[in-house]
Amino acid sequence: VQLLEPTPSTAAEPTINGNSALHTVAYYLNEAVGNIVVQGTLANQIDGDTFWSDIDTFTSTDSDSLKYVNFNGVYSYLRFQHTLTSGSVTKILIRN
């Protein structure tokens with residue numbers, strides 16, 4: 001099992017999204033098998049003590065190459081944690 005460091009955090013644009021806050025994530029995968037977890041925080045600044053909560057978990061199979069996930073929520077920052085048994089995540093795109 002390959003547990004990778006979380007991705008760098010990205011701003012979730014809470015002032016733009018208002019209360020609807022629909023986010024769309026596109027996972028580009030290369031025969032990846034495992035879990036990808038979206039995490040969010042309400043913290044205004046990110047440091048080593050920032051509390052992150054799990055928002056959504058996607059389980060990929062080696063037949064997945066591009067997968068979309070939608071979720072709602074007002075967050076200051078988002079990041080992604082992935083645990084893979086094989087393959088890789090090529091890139092992750094997010095639309096706030």
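Residues numbered from 1 in each chain as written. Predicted model: local features only at pLDDT ≥ 70, side-chain atom pairs only at ≥ 80, totals over all residues. Heavy atoms only, no water.

Participant: Would you mind going over the packing of aromatic side chains in detail, with residue names and values included?
Facilitator: Across all of its chains, the model carries two aromatic pairs by this definition. Summarising the aromatic geometry, the rings of Tyr-27 and Phe-58 are spaced 5.6 Å apart at their centres and angled 10° between planes, so their arrangement reads as stacked. Taken together, the residues span a long stretch of sequence, with Tyr-27 in strand 3 (residues 22–41) and Phe-58 in strand 4 (residues 53–60) at a distance of 31 residues. The pair formed by Tyr-27 and Phe-58 is uniform in burial state, with each residue classed as buried. A centroid spacing of 6.1 Å and a plane angle of 90° characterise the contact between Tyr-27 and Phe-80, whose relative ring orientation is edge-to-face. (Phe/Tyr/Trp six-rings, centres within 6.5 Å; stacked < 30°, edge-to-face > 60°. Helix = DSSP H or I, 4+ residues; strand = E, 2+ residues; numbered from the N terminus. Buried < 20%, exposed > 50% of the residue type's maximum accessible area, 1.4 Å probe, protein only.)

Participant: Could you give an account of the side chain of Gln-39, with specific residues and numbers?
Facilitator: One can find Gln-39 in strand 3. Judged by relative accessible area, Gln-39 falls into the buried class, the value being 11%. Within the structure, the side chain of Gln-39 is placed 3.0 Å from the side chain of Asp-54, a separation counted as a polar contact. A polar side-chain atom of Gln-39 sits 2.7 Å from a polar atom in the side chain of Arg-79. With near-sequence residues (within four places) excluded, Gln-39 lies in contact with Trp-52, Ser-53, Asp-54, Ile-55, Tyr-77, Leu-78, Arg-79 and Gln-81. (Polar contact = N/O pair within 3.5 Å; in protein donor to acceptor, adjacent residues only side chain to side chain. Contact = heavy atoms within 4.5 Å.)

Participant: Can you explain the nonpolar core? Please cite residues and give values.
Facilitator: The biggest cluster of nonpolar side chains holds 14 residues, and the ones touching the most others in it are Tyr-27, Leu-29, Ile-36, Val-38, Phe-58 and Phe-71. Put simply, the parts of the chain that give this core at least two residues each are strand 3, strand 5 (66–72) and strand 6 (77–95). Here this core gets six residues from one element, more than from any other, and that element is strand 3. Once residues lying within four places of it in the same chain are set aside, the contact partners of Val-38 are Tyr-27, Ser-53, Asp-54, Ile-55, Asp-56, Phe-71, Leu-78, Arg-79 and Phe-80. (Core = buried A, V, L, I, M, F, W, Y, C linked by side-chain atoms within 4.5 Å.)

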